[in-house]
2 protein chains.
Amino acid sequence: MKPGTTRAMEPTKVRAPNIRDVARLAGVSYQTVSRVLNNAASIRPSTRQRVLEIIDQVGYRPNQAARALVTSKSRTIGVLLSQTAHYGPTTSLRAIEDAAREAGYLITTTSLSASDYESVAGGLEHLMSQAIEGLVVIAPQVRVFDAFKELALTIPLVTLDSTGTDALRSLSVDQILGARLATRHLIDLGHQEILHISGPQDWIEAEARMRGFLQEINAADLPTHPPILGDWTAEFGYHVGRELLGSRDFTAVFAANDQMALGVFHAIRDAGLDVPRDVSVVGFDDIPEARHFWPPLTTVRQDFAELGRRSIALLLGELEGETDLNHDSILPELVVRDSAGPIR
Amino acid sequence: MKPGTTRAMEPTKVRAPNIRDVARLAGVSYQTVSRVLNNAASIRPSTRQRVLEIIDQVGYRPNQAARALVTSKSRTIGVLLSQTAHYGPTTSLRAIEDAAREAGYLITTTSLSASDYESVAGGLEHLMSQAIEGLVVIAPQVRVFDAFKELALTIPLVTLDSTGTDALRSLSVDQILGARLATRHLIDLGHQEILHISGPQDWIEAEARMRGFLQEINAADLPTHPPILGDWTAEFGYHVGRELLGSRDFTAVFAANDQMALGVFHAIRDAGLDVPRDVSVVGFDDIPEARHFWPPLTTVRQDFAELGRRSIALLLGELEGETDLNHDSILPELVVRDSAGPIR
DNA sequence: ATCGGCAATGTGTCCGTTCACATTCGCGAA
DNA sequence: TTCGCGAATGTGAACGGACACATTGCCGAT
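A brief report on the enclosed structure follows. (Residues numbered from 1 in each chain as written. Chains lettered and ligands numbered in written order. Predicted model: local features only at pLDDT ≥ 70, side-chain atom pairs only at ≥ 80, totals over all residues.)

### Side note on the overall build of chain A
Within chain A one finds twelve helices and eleven strands. Here the C-alpha radius of gyration of chain A, 27 Å, is well above what a compact globule of 344 residues would show, namely 20 Å. Taking the principal axes of its C-alpha atoms as reference, chain A extends roughly 90 × 50 × 35 Å. Buried residues in chain A amount to 49% of all 344 residues. Restricting the contact set of chain A to residue pairs at least 6 apart, pairs at least 24 apart contribute 72%. (Helix = DSSP H or I, 4+ residues; strand = E, 2+ residues; numbered from the N terminus. Rg over C-alpha atoms; globule rule 2.2 N^0.38 Å. Buried ≥ 20, exposed ≤ 12 C-beta atoms within 10 Å, placed from the backbone. Contact = placed C-beta atoms within 7 Å.)

Structure below.
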């Protein structure tokens, strides 16, 4: 039945034009159209021109599914996120999306409901069902990586914020250095009794920041307070701060992220004390709000967006065999504001 | 050539098992396997059992591309985000991912580089290339919707945070009500000179919050200060706060989001004043940090996650013809903390 | 014993591409 | 003129599923 021949009230069901439609209209074979599409060699410029015109004219768009079926490539990159909606991962993700789009790739994301093996396997399964070509993991928990070790992936994988996890392509700002910068800053101000409120034990970054803290404390030969394991939330910082202030055997706190630092601020104020007069506080991440905390928070900045961009560059490099990758490590930067002052 | 017959050093290229492999192994036709997969009726339980066993055994996973090719359904939902990584959208997105995964759908996201027509069309084009079945738009700017009006989409669309945009399925917390609650709270505390720092003019929510503010001010017959158009950032709140404090012709500020409120806090402190003693401040959103601001911020909470979940429910309803949708509107809630006090 | 009818299962075709392998065309060299 | 040859283009398979339409087997009614 020819297109116009449909019976009167029957919904015409306009099928999207396919490659053969284009070919017919352009008076060439579908293979030629395919060549134009994949800009292969050996196409007479005039032919290419004509085909392109028709494509534009009928609004032809290659069917990804058909293409994926035969090439078994989906031009899709999966991103696995941990359940939390933190500033860092979110910022990286946005950069990942942009970079991927630029390269003509799609991003599909899945967030983990937990960090156990089941959950990781499930999330991965979900992504794999889309036949993703590469994977970015922003779920920097030890257990997630343990799960990965058992999973034996066959596609390129890049992990973010997972300093030093061997055997996997890993990209991150140097957390240990960042923690050292923060700690040294406090030491330079004369503090000797410094507390560290860490992230959850399971988190790789938390562990790295803790290590950096301890390295610097040891290097300066200062008394070691056992780090307190937190959960990244301001809520935790607040509660632990209140408890800690019962016995004030410290003059400074290095919180493993800005939110916990904020909670500590709150606790200090609740106790009728002042930052930095009575207690100095340093955070980590430099979220946009940090400079407007009261007092403005001294913290460690890391370039999350750059991290995201590089992860895609790395992945694409592996996927398409490029080589000019930027392997410089991304350095954290101490941002000195007003929340840490000299000891008095 | 039989599988084992490959020449010694030739990479064996293990093809993933397909539906016919499974059928052969199970001793049935591929159609039967297909029926098991799509749990169609008329399969003898013992047969289904056997097929499922084989599927599990060989790790068969239906090829999405092939399925999409023939059904022209991708089981993928697209999400279009505005460029910013705000708390609300991010939270909604995470809930969207979860809800979609639960229903067996994939999410692919694209963030807009700007809010002009070109950009929206480009982002959409990118998503459409994946043949998404439905679209969630979290880019509540007027221009984005103007762009959509011209675009004549053929797939179900749900927009978030875009109160009252007609003709499109729109889901949102009642922003006007939220703003009225916040404003009324200040009025009830005795404030008469209330300033509103709004979001960018282009944002639908900003406009709604502003409307709610003005409604309440007018209802109480109070003097109207022209709203100040901000950009959602703490930075802006800070700068405008400093300027405003030059002439203190107000006693309270209603900021259109918590970040700007934080900036205002900062400015007030810089001026040697106190919140809420000298100026009362109310925010909007109730980001997790808000309760640990100093002082803890009185603000309006909205359930972003619920919003995300519902958007998927709505979309799936349209896609799969379900009907039992929850049409109750999501109400915002005033969270009274310490940043707004009685006038003195 | 035959047949209708339904449950369970099988066969052929198509979806829109790409790939490997033809085929055509034109032009210069023999 | 004929041949060779490379550039430009065409043809016939796949790819892995789903759908429409057979076909088979079995049971009870006739």
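### Focus on the protein's contact with DNA strand C
DNA strand C sits among 26 residues. The nearest are Ile19, Ser34, Asn63 and Ala66 of chain A together with Ser29 of chain B. Counting residues per element, the ones that place at least two in the surface near DNA strand C are α2 (30-37) and α4 (64-71) of chain A together with α2 (30-37) and α4 (64-71) of chain B. In terms of residue count, the dominant contributor to the surface near DNA strand C is α4 of chain A (five residues). Along the lines of polarity and charge, the residues of the surface near DNA strand C split into twelve nonpolar, eleven polar and three charged. (Near = placed C-beta within 6 Å. Nonpolar A, V, L, I, M, F, W, Y, C, P; charged D, E, K, R; others polar.)

### Regarding the relation of the copies chain A and chain B
Overlay of chain A on chain B (RMSD 0.3 Å): rotation 180°, translation along the axis 0.1 Å. Read as a symmetry element, the transformation amounts to a two-fold axis. A share of 100% of interface residues in chain A that are also interface residues in chain B marks the association as one of identical surfaces. (Least-squares fit on C-alpha atoms with pLDDT ≥ 70 in both.)

### Points about the nonpolar core
Residues Ala255 and Val281 of chain A together with Ala255 and Val281 of chain B are the most contacted members of the largest nonpolar core, which totals 92 residues. Those residues in contact with Ala255 of chain A that lie beyond four places of it in its chain are Ile197, Gly237, Met260, Ala261, Val264, Val281, Gly283 and Phe284 of chain A. In terms of nonpolar packing, the next biggest core, distinct from the first, is built from 81 residues, Ile107 of chain A together with Ala65, Phe145 and Leu314 of chain B among them. (Core = buried A, V, L, I, M, F, W, Y, C linked by C-beta atoms within 7 Å.)

### A few points about the interface of chain A and chain B
Tallying the contact residues gives 37 residues for chain A and 37 residues for chain B. Put simply, the parts of the chain that give the side of chain A that touches chain B at least two residues each are α4, α5 (87-102), β2 (106-111), α10 (234-244) and α11 (258-270) of chain A. A class-by-class count of the residues in the side of chain A that touches chain B yields 14 nonpolar, 16 polar and seven charged.

### With respect to unusual backbone geometry
Residue and element names in this part refer to chain A. Between Val275 and Pro276 the backbone carries a cis peptide bond, its omega angle lying at 0°. The topology assignment puts Pro276 in the loop between α11 and β9 (280-282). Positive phi is not limited to glycine here, since Arg75 has a value of about 50°. Counting through the fold element by element, Arg75 comes out in the loop between α4 and β1 (76-81). A residue is classified by how many C-beta atoms lie within 10 Å of it, and Arg75, with 19 of them, is partly exposed.

### Comments concerning the protein's contact with DNA strand D
As a structural note, the neighbourhood of DNA strand D is formed by 25 residues, with Ser29 and Gln31 of chain A together with Ile19, Asn63 and Ala66 of chain B the closest of them. Those elements that provide at least two residues to the surface near DNA strand D are α2 and α4 of chain A together with α2 and α4 of chain B. Here the surface near DNA strand D gets five residues from one element, more than from any other, and that element is α4 of chain B. The residue inventory of the surface near DNA strand D, partitioned by class, reads eleven nonpolar, eleven polar and three charged.

### Things to note about the sheet that holds strand β7 (residues 228-229) of chain A
All names here are of chain A. Strand order across the open sheet formed by four strands is β7-β6-β8-β9, with parallel pairing between neighbours. Strands at the two margins of the open sheet, each flanked by one partner only, are β7 and β9. Two strands pair when backbone bridges link them, and strand β6 (residues 194-198) and strand β8 (residues 252-255) are joined in this way by four bridges, in the parallel orientation. Residue pairing in the sheet places Leu195 in a bridge with Val253 of β8. Each of β6, β8 and β9 is contacted by α11, which is oriented at about 150° to β8, the strand it contacts most. (Pairing = 2+ DSSP bridges. Axes fitted to C-alpha atoms, helices over the stretch in contact; angles between N-to-C directions.)

### Brief notes about the pairing of β1 of chain A
Residue and element names in this part refer to chain A. In terms of residue burial, β1 counts as a mostly covered element, since six of its six residues are buried. Of the two faces of β1, the one lined by Thr76, Gly78 and Leu80 and the one lined by Ile77, Val79 and Leu81 are each fully buried. Judged from the six bridges that link them, β1 and β2 form a sheet pairing that is parallel. Paired with Gly78 across the strands is Thr108, a residue of β2. With respect to chirality, the unit in which β1 leads through α5 into the neighbouring parallel β2 is right-handed. Judged from the five bridges that link them, β1 and strand β3 (residues 134-138) form a sheet pairing that is parallel. In the sheet register, Leu81 faces β3, and the bridge partner there is Ile138. (Right-handed = clockwise from strand over helix to strand, strands pointing away.)

### Observations regarding the packing of α4 of chain A against α4 of chain B
Where α4 of chain A meets α4 of chain B, the axes come as close as 8 Å, and the angle between the chain directions of the two elements is 145°. Judged by the twist between their axes, the crossing of α4 of chain A over α4 of chain B is left-handed. Together, Ala65, Ala66, Ala68 and Leu69 of chain A of α4 of chain A and Ala65, Ala66, Ala68 and Leu69 of chain B of α4 of chain B make up the contact between the two elements. Across the contact of α4 of chain A with α4 of chain B, the residue classes break down as eight nonpolar, no polar and no charged. (Left-handed = near helix turned anticlockwise from the far one by under 90°.)

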